[in-house]
There are 2 protein chains.
Amino acid sequence: MNTVLAIDIGGTFTKIGVVDKKGEILGSKVFGTRSKKPFANFLKELVLNINELIALVGTDNKPIAIGIGAPNANSLTGNIENPPNLNWGKETPIAAEISKTYNLPVYIANDANASALGELEFGLGQGMRNFVVLTLGTGLGSGIIVNGELLLGEHAQAGEIGHVNVDPHGRYCNCGLQGCLETYASVTGIKRTVFELISEMREDSPLRSISFEDLTGEDIAKAAIEGDALALRAFDLTAEILGRKMADTVAHLDPEAFILAGGLSKAGDILLKPVKDNMEKNLFVAYKGKVKVYLSNAPRNAAILGPAALAWKHVS
Amino acid sequence: MNTVLAIDIGGTFTKIGVVDKKGEILGSKVFGTRSKKPFANFLKELVLNINELIALVGTDNKPIAIGIGAPNANSLTGNIENPPNLNWGKETPIAAEISKTYNLPVYIANDANASALGELEFGLGQGMRNFVVLTLGTGLGSGIIVNGELLLGEHAQAGEIGHVNVDPHGRYCNCGLQGCLETYASVTGIKRTVFELISEMREDSPLRSISFEDLTGEDIAKAAIEGDALALRAFDLTAEILGRKMADTVAHLDPEAFILAGGLSKAGDILLKPVKDNMEKNLFVAYKGKVKVYLSNAPRNAAILGPAALAWKHVS
């Protein structure tokens, strides 16, 4: 059976998989991106993992193309350009490197753009023509579908909603700007909010015993579900900012829905409900009551469905 | 010769014109919208003016279709819906009324969407595929061109950038929200800024002798050009906010350019230069140095070229 090899590069983990035309994942692997090491180290580990995976799924299921989703990937050049959360330098020619190694066509897209294609082809976006995917992970990525197609923009760089401004005097962002949305509404963002609240609040909290490096989104979600006041406040503040900025996105695009994906979306209703309320409160009258917000129902390894959809889009 | 009748309804003035296929305006008229009176009064005055104009251009140049640009016009329903700057109620069936009167096909669009079509067809947008028009008038309207087509969105209401949020605790907007961009970056917005500055600053200024009702954008521009510190500060504050929010728009759409139109854009470089600087400063790294900002070079009565382009799009 024909398959594609899908690669999703995140700030923390890289996921690879072999995927058929219907979005069935025949095999997958995950490894740490170790984003502070040089690109050469990453490439070596990626190739090792791909070789193992291809051996695993067998010669009957050989990939005919490769799709890559990565932060700040430029679909026109095949390069990863100035990624704020990867220490790989200005331009990383990842498509060329992978294509050379495997002698297959390689298609590359911004990770969140790939996610949006994955939702459109295999996920909640099936049948929708206008929606926005927000991936709330290490950073905040976004992919915009307009009239059933990925919005690319003039330089194929559309959809960097993580870098809209929340507060000109706000938190410093890895991108060099100040007050970017992803410094508030992402796993890293809610961690920063937790630490701000630890500095402000008096209440006991299990989160006070965890270092910033060790703290995970799951820790915060677990504490919130157990009723921890500090964690709940952190989700409320995150949702307030995210909901307000989603209303701004609606004022640009008038979408049918948002699909929230990535680590922070796993928190479920603790995030979803206040996000919906805050978006609705801030919507311009023409949009009120019209825009839906979903949590991506994709399983954890489904991040590779985005790059898979990207590859299938080109070879089918 | 075949022509179309174009109607541009603004919060302050309504402009009508008879326009040929090349964008030549064969005749035009302007009258006060008197937005606080009921719609019936407006309709009566509109029909009177149209009849005079059609008589003026002669039976050789009879319109074969009508295009209307109006605030909060819905191209799907033909209605004007909840316009914050017109006191006409929830739904005004303007397309149906005009079609009934003249027995011609009527096409309607949000005024700023129509402007974007006008720039695309007859103006600075010729040859561009991705750009954003911001009309800085009584309010702030916007029209977004993506891949050479007007961005409509799921409910044909895309492009209400005037209602993105600048400050959740900011100025009250006619739309019911607080802190909307148009309360800062529009003719009305800069008037509000002038009055805020009068309350704060000590410097003499010719603007101190003008009431809010009487103050015009031209007064402020004239004072700024003559070096008035208060007026200059008002333009700087306006540009700071507008430039910052334009960077947010870029982070959604990755356009080639912005085209600034409407009353406030007539101020020229006093507005353009700081807007460009502030946008550039706030751009995410992927966009820096790539996005142009133009002032619409359309003559004052060119507002009707938008609705004209809309009508021609359908009948040609």
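Residues numbered from 1 in each chain as written. Chains lettered and ligands numbered in written order. Predicted model: local features only at pLDDT ≥ 70, side-chain atom pairs only at ≥ 80, totals over all residues. Heavy atoms only, no water.

Asks: Would you mind showing me how to read the overall build of chain A here?
Replies: The number of helices and strands found in chain A is eight helices and 13 strands. Relative to a compact globule of 316 residues, whose C-alpha radius of gyration would be 20 Å, chain A shows 19 Å and is just as compact. Overall, the C-alpha framework of chain A stretches about 60 × 45 × 35 Å when taken along its three principal axes. For chain A, the proportion of its 316 residues judged to be buried stands at 59%. In the form shown here, chain A has an accessible surface area of approximately 12,700 Å², with 50% of it arising from carbon and sulfur atoms. (Helix = DSSP H or I, 4+ residues; strand = E, 2+ residues; numbered from the N terminus. Rg over C-alpha atoms; globule rule 2.2 N^0.38 Å. Buried < 20%, exposed > 50% of the residue type's maximum accessible area, 1.4 Å probe, protein only. Areas by Shrake-Rupley, 256 points an atom, 1.4 Å probe, with all protein chains shown as cover.)

Asks: When you look at helix H6 (residues 229–253) of chain A in this model, what are you seeing that I'm missing?
Replies: Residues separated by three or four positions in an α-helix point in the same direction, a consequence of the helix having 3.6 residues per turn. Residues and elements named next belong to chain A. Here H6 is 25 residues long and its end C-alpha atoms lie 35 Å apart, about the 36 Å a rise of 1.5 Å per residue gives. Among the 25 residues in H6, 19 count as buried, and that is most of the element. Taken from the residues just after H6, Asp254 is the one with a positive phi, measuring 50 degrees. (Expected span 1.5 Å × (residues − 1).)

Asks: Teacher, can you tell me more about unusual backbone geometry here?
Replies: All names here are of chain A. For Arg34, which is not glycine, the phi dihedral falls at a positive 45 degrees. Within the element layout of this structure, Arg34 appears in the loop between strand E3 (25–32) and helix H1 (39–57). Assessed through its relative accessible area of 47%, Arg34 is described here as partly exposed.

Asks: Can you help me understand the pairing of strand E10 (residues 140–146) of chain A in this one?
Replies: Residues and elements named next belong to chain A. Most of E10 sits out of view: seven of its seven residues are buried. Joining the antiparallel neighbours strand E9 (residues 131–136) and E10 is a turn of three residues. For E10 and strand E11 (residues 149–150), the ladder comprises two bridges, and the chain directions are antiparallel. Each bridged residue has a counterpart across the sheet, and for Ile145 the counterpart in E11 is Leu150. Two successive antiparallel strands, E10 and E11, enclose a turn made up of two residues, where Asn147 displays a positive phi of approximately 50 degrees. (Pairing = 2+ DSSP bridges.)

Asks: Could you clarify how one ought to interpret the interface of chain B and chain A in this entry?
Replies: Often the size quoted for an interface is simply the accessible area lost on bringing the parts together. Taken together, the 43 residues of chain B in the interface contact 43 residues of chain A. Of the roughly 3,600 Å² buried at the junction of chain B and chain A (both faces included), carbon and sulfur atoms supply 58%. At the boundary of chain B and chain A, one finds two salt bridges. Among the salt bridges present, the one from Asp248(A) reaches Lys245(B), with a minimum N-O distance of 3.8 Å. Joining chain B to chain A, the criterion identifies 22 residue pairs in polar contact (both at pLDDT 80 or more). Every element with two or more residues in the side of chain B that touches chain A is listed here: strand E10 (140–146), helix H6 (229–253) and helix H7 (269–282) of chain B. Residue composition of the side of chain B that touches chain A, by class: 20 nonpolar, 12 polar and 11 charged. (Contact = heavy atoms within 4.5 Å. Buried area = accessible area lost by both parts, 1.4 Å probe. Salt bridge = Lys/Arg side-chain N within 4 Å of Asp/Glu carboxyl O. Polar contact = N/O pair within 3.5 Å; in protein donor to acceptor, adjacent residues only side chain to side chain. Nonpolar A, V, L, I, M, F, W, Y, C, P; charged D, E, K, R; others polar.)

Asks: Please explain the relation of the copies chain B and chain A as it appears in this structure.
Replies: To go from the first copy of the chain to the second, apply a rotation about an axis and then a shift along the same axis. The two copies are related by a screw motion: chain B maps onto chain A through a turn of 180 degrees and a shift of 0.0 Å along the axis, at an RMSD of 0.0 Å. Taken together, the turn and the small shift mark the pair as related by a two-fold rotation axis. Across chain B, the rotation axis passes nearest the C-alpha of His252(B), at a separation of 3.9 Å. (Least-squares fit on C-alpha atoms with pLDDT ≥ 70 in both.)

Asks: What should I look at first to understand the packing of aromatic side chains in this one?
Replies: According to the stated counting rule, one finds 12 aromatic pairs over all chains in the structure shown. Judged by centre distance (6.2 Å) and plane angle (35 degrees), the ring pair of Phe39(B) and Phe42(B) falls under tilted. Here Phe39(B) and its partner Phe42(B) are both found in helix H1 (residues 39–57), three residues apart, which amounts to about one turn of the helix. This pair shows no difference in class: Phe39(B) is buried, exactly as Phe42(B) is. Taken together, Phe31(A), Phe39(A), Phe42(A) and Trp88(A) form an aromatic cluster joined through their ring pairs. Above the face of the Phe212(B) ring, Lys191(B) is positioned so that its terminal group lies 4.6 Å from the ring centre. (Phe/Tyr/Trp six-rings, centres within 6.5 Å; stacked < 30°, edge-to-face > 60°. Lys NZ or Arg CZ within 6 Å of the ring centre and 35° of its normal.)

Asks: Is there a simple way to explain the packing of helix H3 (residues 111–122) of chain A against helix H8 (residues 305–315) of chain A in this structure?
Replies: A pair of packed helices is captured by two measures, namely the crossing angle of their axes and the spacing between those axes. Residues and elements named next belong to chain A. Where H3 meets H8, the axes come as close as 7 Å, and the angle between the chain directions of the two elements is 75 degrees. One element, H3, and the other, H8, form an angle in the roughly perpendicular class. Two secondary-structure elements touch here, H3 through Ala114, Ser115, Leu117, Gly118, Glu121 and Phe122 and H8 through Leu305, Gly306, Pro307, Ala309, Leu310, Trp312 and Lys313. When its residues are assigned to classes, the contact of H3 with H8 shows eight nonpolar, three polar and two charged. (Axes fitted to C-alpha atoms, helices over the stretch in contact; angles between N-to-C directions. Parallel < 35°, antiparallel > 145°, perpendicular 65-115°, else oblique.)

Asks: What is the right way to look at H7(B) in this model?
Replies: Here H7(B) contains 14 residues, and its C-alpha end-to-end distance of 20 Å stays within 8% of the 20 Å for a straight helix at 1.5 Å per residue. Among the structural elements, strand E9 (131–136), H6, strand E12 (257–261) and strand E13 (292–295) of chain B are those in contact with the buried residues of H7(B).

Asks: What should I look at first to understand the domain arrangement of chain A in this one?
Replies: All names here are of chain A. Segmentation of chain A into domains returns domain 1 (3–118 + 305–315) and domain 2 (127–297). Of note, the centres of domain 1 and domain 2, computed from C-alpha atoms alone, are 25 Å apart. Across the boundary between the two partners, domain 1 contributes 16 residues, which contact 22 residues of domain 2. Buried surface at the junction of domain 1 and domain 2, summed over both partners, amounts to about 1,300 Å²; 48% is from carbon and sulfur atoms. (Domains from an automatic or database assignment.)

Asks: Teacher, can you tell me more about the sheet that holds E10(A) here?
Replies: Adjacent strands of a sheet form backbone hydrogen bonds with each other and so pair up, either parallel or antiparallel. Residues and elements named next belong to chain A. One open sheet accounts for five strands, arranged E11-E10-E9-E12-E13; its pairing is mixed. Edge positions in the sheet fall to E11 and strand E13 (292–295), since each has one partner strand and no second. Packing of H3 onto the sheet brings it into contact with E9, E10, E11 and strand E12 (257–261), and relative to E10 it is tilted by some 50 degrees.

Asks: Is there a simple way to explain the sheet that holds strand E5 (residues 73–74) of chain A in this structure?
Replies: All names here are of chain A. The three strands lie next to each other as E5-E6-E7, forming an open sheet whose pairing is antiparallel. Both outer strands of the open sheet, E5 and strand E7 (91–92), are each paired with one neighbouring strand and no more. By the bridge criterion, two bridges tie E5 to strand E6 (residues 79–81) in an arrangement that is antiparallel. Across the sheet, residue Ala73 finds its bridge partner in E6, namely Ile80.

Asks: For this particular structure, what's the right way to read the packing of H6(A) against helix H7 (residues 269–282) of chain A?
Replies: Residues and elements named next belong to chain A. Where H6 meets H7, the closest approach of the two axes is 7 Å, and the angle between their N-to-C directions is 45 degrees. Between H6 and H7, the angle is such that the two are oblique. Classified by chirality, the crossing of H7 by H6 is right-handed. Residue-level inspection shows Phe235, Asp236, Ala239, Glu240, Leu242, Gly243, Arg244, Met246, Ala247 and Val250 of H6 in contact with H7, the latter providing Ile270, Leu271, Pro274, Val275, Asn278, Met279 and Asn282. A breakdown of the residues in the contact of H6 with H7 according to their chemical character gives 11 nonpolar, three polar and three charged. (Left-handed = near helix turned anticlockwise from the far one by under 90°.)

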